[in-house]
Amino acid sequence: MTENINASIGTKAVWAGEKEVLVHGATQVPVVVSVAYNYDDMDEWYDVAIGKKQGHIYGRNTNPTVQAFEDKVKILEGAEAATSFSTGMAAISNTLYTFLRPGDRIVSIKDTYGGTNKIFTEFLPNMNVEVALCSTGDHDAIEAEVAKGCKILYLETPTNPTVKITDIKRMAKAGKDVGAIVVVDNTFATPINQNPLELGVDLVLHSATKFLGGHADALGGVVCGPKDLIHQIYHYREINGATLDPWAAYLLLRGMKTLKLRVNQQTKNAQAIAEFLQKQELVDQVFYPGLATHVHHNIAKEQMKGFGGMLSFSLKGGMEAVKVLLPNLQYANRAANLGAVETTYGPARTTSHVECTAEERKAMGIPDGLVRISAGIEDIEDLLADLANAFAILKEIQATPSL
Ligand SMILES: *Cc1c(COP(=O)(O)O)cnc(C)c1O
């Protein structure tokens, strides 16, 4: 029952990947804390060690709880295999370092997650890897760079924090034409709203810390794809050591049971908040792919099942106005996180792009007063009333001449 591939995604989120580790009739996955595994039969130990037989040897390599987490994500993404990491950044860096060698070339976009962008601008050039970063959403420019040849085409869609969209199917084809490995960071969309593997990419990865876990209480990362590629990434990770902890794996696994319920509610709330913000006179711009005004609304509609729980906006008064608005919200964490059940607000300069200078953010098209919102699962009337109240306070303060 657990791996029934005909089940819908919400059912898979609840059941998939768990059966093998349930013991003594337990209905819930155990947290296996053992670092090493005991073998009375020396030949069996050897067979497991060389991968001839299924089993576990040592916690840095594999662990039953961690494996259940990997299996669940793998099934939700419709992948052949998956391997996990201690954080989302470990998933990204280990995937890149597995395949890139000095002299290689990688093509990506300017708007990737701040940490990913640092790998492109700092660490890969140190390794003598050539990095070509294109304007996000400029499909012709990406195709032109890819056509020059590259080992990896790395994409993230929607992006953090201005929720720009890249046409996955079109880019996957461009990558395939030059034999590149096409990678998509699917953290924002989740497998509920977007399935990059179905659209032709090779590898899909997540910061599981965000929507997959959903409760902001565990760090983790995961990458899914064909067995041969995943095995190479697994080998890099088992030796370099960014292994997911079994306690974190358990929390992520438990969070994932409600993935569909949460993401559907977050998607609805994000749409309502975006439409509300659009009507506010103090708001300058609203970025959400579910708005008809979004530049790539039609691409998003084509490749996404829902537009997701992430949006951002800028205020006419810039950062000074943000400093008034955010502290006056009641149902809000003001924190460097996203994807949690609580609605979370954060300026880009202290969250996704804290690693970047103001000039670098400006070059990426991120206004200094940009605020990212990760919609939570609260009842929407409370979130909108909360925002309306904070905007009323902001308006009043702006109308009062300063002493
Ligand atoms: C948070 C995030 C990451 C990094 O994940 P960590 O778990 O914090 O290491 C990567 N990509 C995106 C889109 C993210 O939001």
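See the structure above.
My aim in this report is to walk through the structure given alongside it, one point at a time.

About the criteria used
- Residues numbered from 1 in each chain as written.
- Predicted model: local features only at pLDDT ≥ 70, side-chain atom pairs only at ≥ 80, totals over all residues.
- Heavy atoms only, no water.
- Near = heavy atom within 4 Å.
- Polar contact = N/O pair within 3.5 Å; in protein donor to acceptor, adjacent residues only side chain to side chain.
- Areas by Shrake-Rupley, 256 points an atom, 1.4 Å probe, with all protein chains shown as cover.
- Helix = DSSP H or I, 4+ residues; strand = E, 2+ residues; numbered from the N terminus.
- Nonpolar A, V, L, I, M, F, W, Y, C, P; charged D, E, K, R; others polar.
- 1 Å grid on protein atoms, 1.4 Å probe; cavity = no way out; pocket = protein on both sides within 12 Å on 5 of 7 lines; lining within 4 Å.
- Points joined across faces, edges and corners; volume = space filled by probe spheres on them.
- Domains from an automatic or database assignment.
- Pairing = 2+ DSSP bridges.
- Axes fitted to C-alpha atoms, helices over the stretch in contact; angles between N-to-C directions.
- Contact = heavy atoms within 4.5 Å.

### Focus on the site of the ligand
Part 1 of the reasoning: Of all residues adjacent to the ligand, which total 15 residues, the nearest are Gly88, Met89, Asp185, Thr209 and Lys210.
Part 2 of the reasoning: The separation between an oxygen atom of the ligand and a polar main-chain atom of glycine 88 is 2.8 Å.
Part 3 of the reasoning: Starting from 380 Å² of accessible surface for the ligand in isolation, the protein chains cover 94%.
Part 4 of the reasoning: Looking at the shell around the ligand element by element, the count peaks at 3 residues for helix H4 (residues 88-99).
Part 5 of the reasoning: Its residues placed into classes, the shell around the ligand shows 5 nonpolar, 7 polar and 3 charged.

### Examining empty space enclosed by the protein
Part 1 of the reasoning: Considering all chains together, one arrives at 1 cavity of 30 Å³ or more under this definition.
Part 2 of the reasoning: Computed from the structure, the largest cavity encloses a volume of approximately 50 Å³.
Part 3 of the reasoning: Every residue lining the largest cavity is listed: Glu18, Gln28, Val29, Tyr250, Leu253, Arg254 and Lys257.
Part 4 of the reasoning: For the lining of the largest cavity, the class distribution of residues is 3 nonpolar, 1 polar and 3 charged.

### With respect to the layout of surface pockets
Part 1 of the reasoning: In this structure, the largest pocket encloses a volume near 980 Å³.
Part 2 of the reasoning: Lining the largest pocket are 33 residues, and of these Gln54, Thr62, Gln67, His231 and Tyr234 lie nearest its centre.
Part 3 of the reasoning: Breaking the lining of the largest pocket down by element, the ones donating at least two residues are helix H2 (42-49), helix H3 (64-77), strand E1 (81-85) and helix H9 (227-240).
Part 4 of the reasoning: Broken down by element, the residue count for the lining of the largest pocket peaks at 7 residues, all from H9.
Part 5 of the reasoning: Counted by class, the lining of the largest pocket contains 10 nonpolar, 13 polar and 10 charged residues.
Part 6 of the reasoning: Here the second largest pocket defines a volume of roughly 310 Å³.
Part 7 of the reasoning: Lining the second largest pocket are 23 residues, with Met89, Tyr113, Asn160, Ser207 and Lys210 positioned closest to its centre.
Part 8 of the reasoning: In terms of residue class, the lining of the second largest pocket is made up of 9 nonpolar, 9 polar and 5 charged.
Part 9 of the reasoning: Residue contributions to the lining of the second largest pocket reach at least three from each of two domains, namely domain 1 (9-256) and domain 2 (259-397).

### Considerations on the sheet that holds strand E6 (residues 203-207)
Part 1 of the reasoning: Taken in spatial order, the 7 strands make up an open sheet running E1-E7-E6-E5-E4-E2-E3, and their pairing is mixed. This sheet does not close on itself; its edge strands, each paired only once, are E1 and strand E3 (130-134). Neighbour-to-neighbour, the strand axes of this sheet turn through a mean angle of 20°, independent of strand direction.
Part 2 of the reasoning: By the bridge criterion, 4 bridges tie E6 to strand E7 (residues 221-225) in an arrangement that is antiparallel. Paired with leucine 205 across the strands is valine 223, a residue of E7.
Part 3 of the reasoning: Contacting E1, strand E2 (105-109), strand E4 (152-156), strand E5 (181-185), E6 and E7, H4 crosses the sheet at an angle of about 150° to E6.

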